[in-house]
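Reading the structure
For reference, the chains in residue letters:
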Amino acid sequence: MASAVKKAKKSAEALVDESEALELVDGCQNSIDALNEQASEEILKVEQKYNELRKPHYQRRNDYIKRVSNFWIVAIMNHPQISCILEQEEEDCLQYLEKLEVEEFEDIKSGYRILFHFEENPFFDNTVLTKEFKLGSNGESPSSTSTTIKWKPEHDLTKMLPKKMDSHRRKRGLENRTFFDWFTDNNDPINDDIAELIKDDLWPNPLQYYLVPDIEVEPEDDEDGEGGEEFGEEGDEEEVDEVEDEEEKAS
């Protein structure tokens, strides 16, 4: 009985010790969290600094891009994920895309906007189409908004185009989406994969997609055809030999 009491007493002491240890762990964790928060603030300041430093380079890049015909549509068409939602008519429309820009909000973490600058075109009257994302800082829910497209008569691509259901789209959950469906859809800004691809992949380095080499498919050798020619050549030689034999016999 005494041993049982002694054991219970030890367990109580162990619990007290563990409780003190957990308080100390909590104190360490609070210090770590404070440092992480401080690091996040300093990292954000660095990102803001370099965002400003990158802006003039992006501007010069866009100025140079203007000298390359169809730069943006080629880069978009060569992007494996973005191109899969493009319909042929949308490709025709995006031939008029002269400039694409991504602008992050000043504090970076609260949101960004994607701007599509268009030349005059037969599809709509807008010169700039903008899709803006607010990422839900300060307790707000994430949201997105899009420019209202002023479609020209009988050119509303969101109504004209059939919806494809190829296997690639089904795998990525894009069965009923085309490019302009994506642009006008603001129901699920958190999971907008196309916007993220444009912001984090296409925009930082569009040149890598513009320069993707065309895949040249070499014509396959027609084995039957080649075999036929060889057979034909051998056949001709045999016929010549037979004629020569007959001439020798006749002589």
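This structure is a prediction, so every number in the text was calculated from the model and none was measured. (Residues numbered from 1 in each chain as written. Predicted model: local features only at pLDDT ≥ 70, side-chain atom pairs only at ≥ 80, totals over all residues. Heavy atoms only, no water.)

**A short note on the sheet that holds strand S2 (residues 111–118)**
Judged by pairing direction, the sheet is antiparallel, and its four strands sit side by side in the order S1-S2-S3-S4 without closing on themselves. Here the strands that pair on one side only, and so sit at the sheet edges, are strand S1 (97–104) and strand S4 (143–146). In this sheet, adjacent strand axes meet at a mean angle of 10° when their direction is disregarded. Judged from the seven bridges that link them, S2 and strand S3 (residues 128–134) form a sheet pairing that is antiparallel. Following the sheet pairing, Phe 116 is matched in S3 by Leu 129. (Pairing = 2+ DSSP bridges. Helix = DSSP H or I, 4+ residues; strand = E, 2+ residues; numbered from the N terminus. Axes fitted to C-alpha atoms, helices over the stretch in contact; angles between N-to-C directions.)

**Looking at the nonpolar core**
Core analysis: the largest hydrophobic core is formed by 38 residues, its most contacted members being Phe 116, Phe 124, Phe 180, Trp 182 and Ile 198. At the level of secondary structure, the elements contributing two or more residues to this core comprise helix H2 (71–77), helix H3 (88–94), S1, S2, S3, helix H6 (179–184) and helix H7 (193–202). Apart from residues lying up to four places away in sequence, Phe 124 is in contact with Cys 93, Phe 118, Leu 129, Ile 149, Lys 150, Trp 151, Lys 152 and Phe 180. (Core = buried A, V, L, I, M, F, W, Y, C linked by side-chain atoms within 4.5 Å. Buried < 20%, exposed > 50% of the residue type's maximum accessible area, 1.4 Å probe, protein only. Contact = heavy atoms within 4.5 Å.)

**Digging into a negative patch on the surface**
Taken together, Asp 17, Glu 18, Glu 20, Glu 23, Asp 26, Asp 33, Glu 37, Glu 41 and Glu 42 make up a surface patch of like negative charges. Counting through the fold element by element, Glu 37 comes out in helix H1 (residues 2–65). (Patch = residues over 30% accessible without salt bridge, like charges linked within 9 Å, V, L, I, M, F, W, Y side chains within 5 Å. Areas by Shrake-Rupley, 256 points an atom, 1.4 Å probe, with all protein chains shown as cover. Salt bridge = Lys/Arg side-chain N within 4 Å of Asp/Glu carboxyl O. Lys, Arg positive; Asp, Glu negative; His and termini not counted. Charge placed at Lys NZ, Arg CZ, Asp CG, Glu CD.)

**Regarding the pattern of salt bridges**
Scanning the model with the defined rule gives six salt bridges in all. Of the charged contacts in the structure, one is a salt bridge between Arg 113 and Glu 103, with a shortest N-O distance of 3.3 Å. Note that Arg 113 is positioned in strand S2 and Glu 103 in strand S1, a separation of ten residues in sequence. With its nearest N and O atoms 3.4 Å apart, the salt bridge here joins Lys 131 to Asp 192. On the criterion of sequence distance, the pair formed by Lys 131 in strand S3 and Asp 192 in the loop between H6 and H7 is long-range, its members being 61 residues apart. Just as Lys 131 is buried, Asp 192 falls in that class too. Where salt bridges share partners, they join Glu 103, Arg 113 and Glu 132 into one cluster.

**Regarding a nonpolar patch on the surface**
The grouping of Val 46, Tyr 50 and Leu 53 at the surface amounts to a nonpolar patch, some 270 Å² of accessible area in total. Of the residues examined, Tyr 50 reaches a relative accessible area of 40% and is grouped as partly exposed.

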